[in-house]
Amino acid sequence: MTRFFKIWILLGACLFLAACSGDGTWGWYVIDPSTPAGQSNIWFLVGGFWATIQLSLIATVLSMTLGLLVALPGMSSNRWVRLPSRVYIEFVRAIPLLPMLFWVFYGLPVVMKSLGFPITIDAFWGAIITLAISDSAFTAEIYRSGIQSIPKGQTEAARTVGLTYSQTMRYVILPQAIRRILPPLANQFIYIVKMSAFASVIGMQELTRRANELVVTEYRPLEIYTLLILEYLVLVLIISFFVRWLERKMGSDENR
Amino acid sequence: MTADRVIEIASLNKSFGDFQVLTNVDLNVSLGERIVICGPSGSGKSTLIRCVNGLEQYDSGSITVDGISLSEPGGVDRVRAEVGMVFQQFNLFPHLSVIDNLTLGPMKARGLSRKDAEAQAMEYLERVKIPEQARKRPRDLSGGQQQRVAIARSLCMKPKIMLFDEPTSALDPEMISEVLDVMVELARDGMTMLVVTHEMGFARKVADRMVFMDGGEIVETGTPAEVFEAPKTQRFKTFLDKILQH
Ligand SMILES: Nc1ncnc2c1ncn2[C@@H]1O[C@H](COP(=O)(O)OP(=O)(O)OP(=O)(O)O)[C@@H](O)[C@H]1O
Ligand SMILES: [Mg+2]
């Protein structure tokens with residue numbers, strides 16, 4: 001009963017919002033799949049999926065790699081080895097995504113040029129670099145807590161049977177830590193998908209940018225942004241379904 | 001005499017922050033010698049034997065193992081190649097089968113082929129009397145079996161010296177003897193052993209020398225016959241009375 005009640009309230013709210021849009025009339029025609037104009041608008045909007053997914057996937061992989069490279073020295077018993085990692089994490093975590101995006105996109109090429117390595121950064125790679133760096137502070141912490149959850153005795157035993165530090169990580173610690181690391185890393189993927197919307201401001205033609213462009217020509221913000229949110233919702237729900245599955249799989253491994 | 005000295009510890013000092021754990025510890029061990037270290041909780045026994053293979057760092061003094069100084073560059077790694085260690089909590093690798101626990105070191109650190117490493121692992125599993133458990137995961141074994149796997153895992157690296165840190169303290173009483181039996185056999189084969197334990201029956205049977213520690217110092221050393229007959233210090237006497245009561 002209460003479930004239906006909620007749905008009605010939600011629908012009511014939607015209708016109210018719909019009535020407030022634009023000139024106060026319905027505007028769903030912009031994305032009406034039964035008209036050719038609506039169809040072409042929908043195709044235009046949905047066309048951003050591929051860019052969003054590409055951007056998020058590459059940024060996540062880079063962030064996972066970078067995060068590990070930052071996390072490992074961060075666990076050293078030597079404070080001077082630990083320090084750069086700590087500083088990196090605190091520093092990167094403190095910078096809001098948007099200013100960092102501007103800095104990478106507009107500033108980094110200038111810095112590189114003055115250092116004698118002229119590079120051009122397009123919107124795609126600018127967004128990926130920013131997302132990867134900004135997320136790597138979080139993945140580093142995920143690695144750290146996962147690795148530190150493995151008892152110290154494991155490292156000690158590995159070292160006494162002659163394994164080097166990197167062999168110890170590779171054959172003993174990471175295989176055990178991975179079940180604590182993978183689910184939260186997959187969650188970071190969701191975070192990156194959502195944050196990738198910022199790439200729109202430097203001109204990356206992903207989901208949000210396309211919605212903005214259509215709003216400018218059609219002037220139907222409510223309808224178009226509603227569809228935009230639904231697009232992200234579908235994407236994120238699919239990923240979180242996968243994360244759930246992964247968590248269950250990892251969890252059941254633990255009991256085996 | 002000095003020629004077959006495999007461990008030389010000289011005026012070793014170590015502290016954790018303000019807390020002095022080891023104070024001027026001197027200890028020499030000859031090849032094939034079996035030493036049992038005992039003492040009250042917190043007296044620094046674990047810290048001392050963990051210093052020997054570089055699991056703990058020390059503040060001053062020196063440790064030389066088989067002619068290799070721990071403080072020389074690369075010394076720790078070379079010493080670890082000579083020294084095996086068995087822990088109170090076994091520390092087996094839970095994600096690997098018993099046989100993979102035994103072959104990991106020889107394959108990765110010594111470059112043995114899987115075939116050779118497994119053949120050697122089976123040999124040592126026979127020696128600790130559990131070859132039939134080779135394909136199981138550690139968690140499917142009893143505590144006594146797990147500790148015997150841990151001993152076999154160390155032996156696979158062909159160490160010259162074995163360190164034991166309370167190897168039977170985490171075991172149920174009925175499993176203690178199966179582990180001690182393996183250790184007695186190891187002693188018979190001439191292995192140099194440094195054993196932290198309160199198993200006085202074992203000490204009496206295999207120890208060449210007993211070392212009693214208290215408050216981070218070596219308070220007394222002597223053969224089992226000497227110390228069990230008449231400990232020289234009151235502290236050792238009190239300690240022995242306490243643990244021999246049960
Ligand atoms: N990592 C550490 N940091 C700080 N203090 C420590 C650390 N490890 C050991 N200690 C302290 O050093 C002292 C000696 O510890 P150690 O483990 O060597 O004693 P032990 O003789 O092995 O005792 P037990 O019989 O309880 O195992 C103890 O007081 C302990 O609290
Ligand atoms: Mg101890």
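Quick note: structure is the one above.
Scope of this entry: the structure provided in the associated data block. (Residues numbered from 1 in each chain as written. Chains lettered and ligands numbered in written order. Predicted model: local features only at pLDDT ≥ 70, side-chain atom pairs only at ≥ 80, totals over all residues. Heavy atoms only, no water.)

### Some details on the pairing of strand 2 (residues 19–30) of chain B
Residues and elements named next belong to chain B. Bridge count for strand 1 (residues 5–16) against strand 2 is eight bridges, and the pairing is antiparallel. Counted as the bridge partner of Arg-5 is Ser-30 from strand 2. Turn length for the strand 1-strand 2 hairpin, with the two strands adjacent in sequence and antiparallel, is two residues, and the turn residue Gly-17 shows positive phi of about 60°. (Pairing = 2+ DSSP bridges. Helix = DSSP H or I, 4+ residues; strand = E, 2+ residues; numbered from the N terminus.)

### A look at the nonpolar core
Within the largest apolar cluster, 73 residues are counted, with the highest numbers of intra-cluster contacts made by Ile-9, Leu-12, Ile-37 and Leu-194 of chain B. Of the residues forming this core, the biggest block, ten residues, is contributed by helix 6 (residues 123–148) of chain A. Residues contacting Leu-194 of chain B, with those up to four places away along its chain left out, are Ile-7, Val-29, Ile-35, Ile-37, Ile-49, Val-52, Met-162, Leu-163 and Phe-164 of chain B. By size, the runner-up hydrophobic cluster in this structure holds 49 residues, among which are Leu-171, Val-179, Leu-180 and Val-227 of chain B. (Core = buried A, V, L, I, M, F, W, Y, C linked by side-chain atoms within 4.5 Å. Buried < 20%, exposed > 50% of the residue type's maximum accessible area, 1.4 Å probe, protein only. Contact = heavy atoms within 4.5 Å.)

### Regarding helix 4 (residues 114–127) of chain B
Residue and element names in this part refer to chain B. The first and last C-alpha atoms of helix 4 sit 20 Å apart over 14 residues, in line with the 20 Å expected at 1.5 Å per residue. Turning to helix 4, its buried residues are Ala-117, Glu-118, Gln-120, Ala-121, Tyr-124 and Leu-125. Seen along its axis, helix 4 keeps its buried residues to an arc of 165°; they face one direction. Facing away from the buried side of helix 4, by more than 90 degrees, are the exposed residues Lys-115, Glu-123 and Glu-126. Two residues or fewer past helix 4, Lys-129 is found with a positive phi of approximately 65°. (Expected span 1.5 Å × (residues − 1). Arc of directions from axis to C-beta.)

### Considering the environment of Leu-55 of chain A
Residues and elements named next belong to chain A. By secondary structure assignment, the location of Leu-55 is in helix 3 (residues 49–71). Separated by 149 residues in sequence, Leu-55 and Met-204 have C-alpha atoms that sit 9.7 Å apart. With near-sequence residues (within four places) excluded, Leu-55 lies in contact with Phe-124, Ala-127, Ile-128, Leu-131, Ser-196, Ala-199 and Met-204.

### Thoughts on unusual backbone geometry
Residue and element names in this part refer to chain B. In the Ramachandran plot, Lys-129 falls in the positive-phi region, its phi being about 65° despite a non-glycine side chain. Tracing the backbone shows Lys-129 in the loop between helix 4 and helix 5 (143–155). We classify Lys-129 as partly exposed; its relative accessible area is 44%. At Lys-158, a residue that is not glycine, the phi angle is positive and equals roughly 50°.

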